[in-house]
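One-letter residues, chain by chain:
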Amino acid sequence: MLFRSGGLVGWVVYGQTLRRELTFLRALRLDINDIELVLNPEGRLLQVNDRAVDAYQYGRDELLTMTMFDIRKGDPVTARDQMTALMGDGAIVFRARHYRRDGTTFPVEVSARLVHTDGATVVHSLVRDITDRERVLAELTLQRERLLLATHAAGVGIWDLDLAERRLVWDDQMFRLYGVDAATFLGAEEDWSVHIHPDDRERTVAEIYRVLGSEDDYDAEFRIVRPDRKSTRLNSSHVALS
C-alpha cells in the first residue's frame, strides 16, 4: 500500500528515505516545539516524536498501534473529510481537538503535507497545541464584552482611526450618539466632520490633526448636529495606540 517493493529490503529502503526526509524537515524548524506525526494515507501512525508522547500521554509503542481517528475520535467524519482534502491538495492547515489518554482534549492547529518517497506516500503533520492562544483570545473577548457593557451603560462610544488608511471605525454606540445609520457610514473623515456643529467644526478637526502621528493625548468638547437637527454636546478623548 505504501510502496511498490515488498519484503524486508523494501521496508529498509523506505525507512532510510523517510528518515532523510524528516531530518531535512526538522532542520527547517529546530526552534519549534511541535508535535510531529507521520501517518500513512489511511491515518495509521508510523512515527511520532517525544513531544507527541508527552502530549497524548501514551507510550511511543502504543501510539504506533493507533490511528489519527483515535486522537480525533470526537469528529471522525471531519477527520476523514480533511484527509480526503489533503490527498487532493497535497497540503492542508486546520484546527481540531485532540484526545489524551485520560479522555481530556486540547485544541490544536495542524499543518499537514504529503511526502512522496520511493513510491511511498506518507502524511507529515506538525501539530501545535494552541491552548494558551485560545485562552488569551477568550480573555480578550471577555474584556471586550465587559468594556462594551460598561461603555453602553455610560453612554460612551468608541472610535478608532486607522492612520495608514485614514479610515474611521465606530462602534454601535457611536452611531447611536450621532444618529447615523451604520450602512451609510463609509469611514471617511467627512462622514464624521459633516455632523460637527459649523461653529465647532474647524477647531475640532484641527485639534484631531494636531495629535495625529504624535504621542499626545486628545481631549476636546464640541457640538454635533444629528440628522434630526437636534444639537448635542459631546466630549471626545483620544489615546494613540501603536
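Each remark here, short or long, concerns the structure printed above.
The structure reproduced in this document is the subject of the present report. The structure presented is a predicted model; accordingly, all values stated were derived computationally and were not measured. (Residues numbered from 1 in each chain as written. Predicted model: local features only at pLDDT ≥ 70, side-chain atom pairs only at ≥ 80, totals over all residues. Heavy atoms only, no water.)

### Focus: the layout of surface pockets
Okay, step 1: One number sums up the size of the second largest pocket: a volume of about 180 Å³.
Okay, step 2: Lining the second largest pocket are R144, L147, L148, I158, D160, V169, W170 and D171.
Okay, step 3: Taken together, the elements giving at least two residues each to the lining of the second largest pocket come down to α6 (131-154) and β7 (167-170).
Okay, step 4: The biggest single contributor to the lining of the second largest pocket is α6, with three residues.
Okay, step 5: For the lining of the second largest pocket, the per-class residue count stands at five nonpolar, no polar and three charged. (1 Å grid on protein atoms, 1.4 Å probe; cavity = no way out; pocket = protein on both sides within 12 Å on 5 of 7 lines; lining within 4 Å. Points joined across faces, edges and corners; volume = space filled by probe spheres on them. Helix = DSSP H or I, 4+ residues; strand = E, 2+ residues; numbered from the N terminus. Nonpolar A, V, L, I, M, F, W, Y, C, P; charged D, E, K, R; others polar.)

### Remarks on the pattern of salt bridges
Okay, step 1: Here the structure, examined in full by the defined rule, presents 12 salt bridges.
Okay, step 2: We note a salt bridge from D34 to R128, for which the minimum N-O separation is 3.0 Å. Remark: R128 occurs in strand β5 (residues 120-129) and D34 occurs in the loop between α1 (7-27) and β1 (35-39); sequence separation between them is 94 residues.
Okay, step 3: When its relative accessible area of 9% is taken as the criterion, D34 is described as buried.
Okay, step 4: One salt bridge connects R135 with D132, and the closest N-O pair in it is separated by 2.7 Å. Of the two residues, R135 and D132 are both situated in helix α6; the distance of three residues between them amounts to about one turn of the helix.
Okay, step 5: Take R135: its relative accessible area is 42%, and that puts it in the partly exposed class.
Okay, step 6: Taken together, the salt bridges that share partners define one network made up of D200, R203, E207 and R223. (Salt bridge = Lys/Arg side-chain N within 4 Å of Asp/Glu carboxyl O. Buried < 20%, exposed > 50% of the residue type's maximum accessible area, 1.4 Å probe, protein only.)

### A few points about the nonpolar core
Okay, step 1: Counting residues in each nonpolar core, the largest one holds 27 residues, and the members touching the most others are I35, L37, Y56 and L63.
Okay, step 2: Counting only elements with at least two residues in this core, the list comes to β1, β2 (45-48), α2 (50-56), α4 (68-71), α5 (76-89), β3 (91-99), β4 (105-117) and β5.
Okay, step 3: Sort the elements by how many residues they give to this core and β4 lands first, with five residues.
Okay, step 4: Setting aside residues no more than four positions away along its own chain, I35 makes contact with N49, R51, A52, A55, Y56, F106, S125, L126 and V127.
Okay, step 5: By size, the runner-up hydrophobic cluster in this structure holds 19 residues, among which are F175, I208, Y218 and F222. (Core = buried A, V, L, I, M, F, W, Y, C linked by side-chain atoms within 4.5 Å. Contact = heavy atoms within 4.5 Å.)

### Digging into empty space enclosed by the protein
By rolling a water-sized probe across the atoms, one finds the places where empty space is left.
Okay, step 1: As enumerated under the stated definition, the model contains one cavity of 30 Å³ or more in all.
Okay, step 2: Size it by volume and the largest cavity reaches roughly 170 Å³.
Okay, step 3: What lines the largest cavity is a set of 17 residues, among which M68, R72, F94, V110 and S125 lie closest to the centre.
Okay, step 4: Per-element tally for the lining of the largest cavity: the top contributor is α5, with four residues.
Okay, step 5: Residue composition of the lining of the largest cavity, by class: 13 nonpolar, three polar and one charged.

### A closer look at unusual backbone geometry
Okay, step 1: For Q57, which is not a glycine, the phi torsion comes out positive at approximately 70 degrees.
Okay, step 2: Looking at the element boundaries, Q57 is found in the loop between α2 and α3 (60-63).
Okay, step 3: Relative accessible area serves as the criterion here: at 37%, Q57 is assigned to the partly exposed category.
Okay, step 4: Of note in the backbone geometry, R229 takes a positive phi value of approximately 75 degrees without being a glycine.
Okay, step 5: With respect to the helices and strands, the residue R229 is situated in the loop between β8 (218-225) and β9 (231-238).

### Details of the packing of aromatic side chains
Okay, step 1: Counted under the stated rule, the structure contains six aromatic pairs.
Okay, step 2: With centroids separated by 5.8 Å and ring planes inclined at 40 degrees, the aromatic side chains of Y56 and F106 adopt a geometry described as tilted. With Y56 in helix α2 and F106 in strand β4, this residue pair connects regions lying 50 residues apart in the sequence.
Okay, step 3: Under the relative-accessibility criterion, Y56 is labelled buried at 0%.
Okay, step 4: What makes F106 buried here is its relative accessible area of 1%.
Okay, step 5: Ring centres 4.7 Å apart and planes at 35 degrees place the aromatic pair W170 and Y178 in the tilted group. For the residue pair W170 and Y178, the accessibility class agrees, reading buried in each case. (Phe/Tyr/Trp six-rings, centres within 6.5 Å; stacked < 30°, edge-to-face > 60°.)

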